Amino acid sequence: MSEILVTGATGNVGRHVVARLLAAGAGVRALARDPETAGLPEGVKVVSGDLSVPATLDVALEGTSAVFLVWPFLTTEGAPAVLEALARRTGRIVYLSSSGVNEAAERQTDPINQLHADMERMIGESGLEWTFLRSNTIASNARGWGEQVRATRTVRGPGIAATAVIHEDDIAAVAVPVLTGDGHVGARLVLTGPQVLSRAEQVHAIGEAIGRPVAFEEVPVEVARRQMLADGRPPALVEALLAGAETRPASNVITSTVEEITGVPARTFRTWAEEHAEEFR
């Protein structure tokens, strides 16, 4: 039986994709640099491979029918070779992209959206059948506030335009029928949660979930930059994230795509916060 290869399988979205594919009875492979430490469920075939070393992908891809691709890098360097490997060994790619991609724009508003736009273009030219899951802000990003919430009950960061934050498992719930069916080839599916939320509103929801007030304090970008660098984040990632903070346009877009494909409405950020409350206590 052909199998589906999940990249980013040990990450926030990928783990849910793996679990849902297993529950759907699909054959699942998970790409991991170190299969011994992947910690994935029984029934998953964990295969060794690294997207930064395309030559390692051929064995992992052999016999696959589709690939769920999370691109973990800040540039498209290496992407052509990866896509060539995919085109040799499989027929279908489902790419986790960004709802911020604007097809009408010559250049995107920030480096991360530009990366996704460039990846979409290259995938479209690869000869593979493709579907793009253009996700809004993913709820699990809030895990990065955990230390601040536990230590000070205050999250400090730059102001970023509000968006319809989406539960990572709702992305997975869409990904599975797209990976296992054939009805969404060539589709650009915009995935959002049911509410447009500011950072302050997300932080408030976390406070309600843990039963303690938590505040959001907006700080200048330069202050946030110093703190993120002091926390040990890679400088290139810091600059990409902060470029988005300064230039991301406001968006009131809410789609019904999750419910249309899965039959279940997208979950609220409050639901996510309640599920992960222990991480913030």
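Quantities reported herein were computed from a predicted structural model and do not represent experimental measurements.

Remarks on the overall build of the protein chain
Okay, step 1: When you go through the protein chain residue by residue, the secondary structure sums to 11 helices and 9 strands.
Okay, step 2: Taking 281 residues into account, the globule formula puts the C-alpha radius of gyration at 19 Å, and the protein chain, at 19 Å, falls close to it.
Okay, step 3: Along the first, second and third principal axes, the C-alpha set of the protein chain runs to 50 × 40 × 35 Å.
Okay, step 4: Burial statistics for the protein chain: of 281 residues in total, 47% are counted as buried.
Okay, step 5: Counting only contacts in the protein chain whose residues sit at least 6 apart along the sequence, the fraction spanning at least 24 positions is 74%.
Okay, step 6: In the protein chain, 25 positive and 35 negative side-chain charges are present, and the distance between their average locations comes to 3 Å.

Here's the deal with helix α7 (residues 199–210)
Okay, step 1: The end-to-end C-alpha distance of α7 is 17 Å, a good match for the 16 Å that 12 residues give at a rise of 1.5 Å each.
Okay, step 2: Taken as a whole, α7 has its buried residues at Gln 202, Val 203, Ala 205, Ile 206, Gly 207, Ala 209 and Ile 210.
Okay, step 3: In the core, the buried residues of α7 are packed alongside α5 (146–152), β7 (154–157), β9 (215–218) and α11 (269–275).

Quick notes on helix α8 (residues 221–230)
Okay, step 1: Among all positions in α8, only Val 221, Ala 224, Arg 225 and Met 228 are buried. Mapping the buried residues of α8 onto a view down its axis gives an arc of 105°, with all of them on the same face.

Regarding the packing of aromatic side chains
Okay, step 1: For the coordinates displayed, the defined rule picks out 5 aromatic pairs.
Okay, step 2: Residues Trp 130 and Phe 132 carry aromatic rings whose centres are separated by 4.2 Å and whose planes lie at 15° to one another, so their mutual orientation is stacked.
Okay, step 3: Between the aromatic rings of Phe 269 and Trp 272, the centroid separation amounts to 5.4 Å while the plane-to-plane angle is 25°, which identifies the pairing as stacked. Placement of the pair is Phe 269 and Trp 272 together in helix α11, with a separation of 3 residues, close to one helical turn.
Okay, step 4: Through a chain of ring-to-ring contacts, three or more aromatic side chains come together here, namely Tyr 95, Trp 130 and Phe 132.

Side note on the pattern of salt bridges
Okay, step 1: Summed over all chains, the structure comprises 19 salt bridges.
Okay, step 2: Among the ionic pairs, Glu 217 bridges to Arg 156, the shortest N-O distance being 3.4 Å. One end of the pair, Glu 217, is in strand β9; the other, Arg 156, is in strand β7, with 61 residues separating them in the sequence.
Okay, step 3: By relative accessible area, Glu 217 is classed as partly exposed at 36%.

Details of the packing of helix α3 (residues 79–89) against helix α4 (residues 111–124)
For any two helices packed against each other, the geometry is given by the interaxial angle and the distance between the axes.
Okay, step 1: Contact geometry of α3 with α4 gives a least axis separation of 10 Å together with a crossing angle of 35°. Crossing geometry of α3 relative to α4 is assigned as right-handed. Residues Ala 79, Pro 80 and Leu 83 of α3 lie in contact with α4, whose contacting residues are Met 119, Met 122 and Ile 123.
Okay, step 2: A breakdown of the residues in the contact of α3 with α4 according to their chemical character gives 6 nonpolar, no polar and no charged.

Points about the pairing of strand β4 (residues 64–69)
Okay, step 1: Most of β4 sits inside the fold, with 5 of its 6 residues counted as buried.
Okay, step 2: Pairing of strand β1 (residues 3–6) with β4 involves 4 bridges; the strand directions are parallel. Bridging from a neighbouring strand, Val 6 pairs with Phe 68 of β4.
Okay, step 3: In the sheet, β4 pairs with strand β5 (residues 92–98) via 3 bridges, with the strands oriented parallel. For Phe 68, the partnering residue across the bridge sits in β5 and is Val 94.

Remarks on unusual backbone geometry
Okay, step 1: With a phi close to 60°, Arg 153 is a non-glycine residue in the positive phi region.
Okay, step 2: Assignment of secondary structure puts Arg 153 in the loop between α5 and β7.

Rules used throughout
- Residues numbered from 1 in each chain as written.
- Predicted model: local features only at pLDDT ≥ 70, side-chain atom pairs only at ≥ 80, totals over all residues.
- Heavy atoms only, no water.
- Helix = DSSP H or I, 4+ residues; strand = E, 2+ residues; numbered from the N terminus.
- Rg over C-alpha atoms; globule rule 2.2 N^0.38 Å.
- Buried < 20%, exposed > 50% of the residue type's maximum accessible area, 1.4 Å probe, protein only.
- Contact = heavy atoms within 4.5 Å.
- Lys, Arg positive; Asp, Glu negative; His and termini not counted.
- Charge placed at Lys NZ, Arg CZ, Asp CG, Glu CD.
- Expected span 1.5 Å × (residues − 1).
- Arc of directions from axis to C-beta.
- Phe/Tyr/Trp six-rings, centres within 6.5 Å; stacked < 30°, edge-to-face > 60°.
- Salt bridge = Lys/Arg side-chain N within 4 Å of Asp/Glu carboxyl O.
- Axes fitted to C-alpha atoms, helices over the stretch in contact; angles between N-to-C directions.
- Left-handed = near helix turned anticlockwise from the far one by under 90°.
- Nonpolar A, V, L, I, M, F, W, Y, C, P; charged D, E, K, R; others polar.
- Pairing = 2+ DSSP bridges.

Remember that the coordinates give geometry; whether it matters functionally is a separate question.
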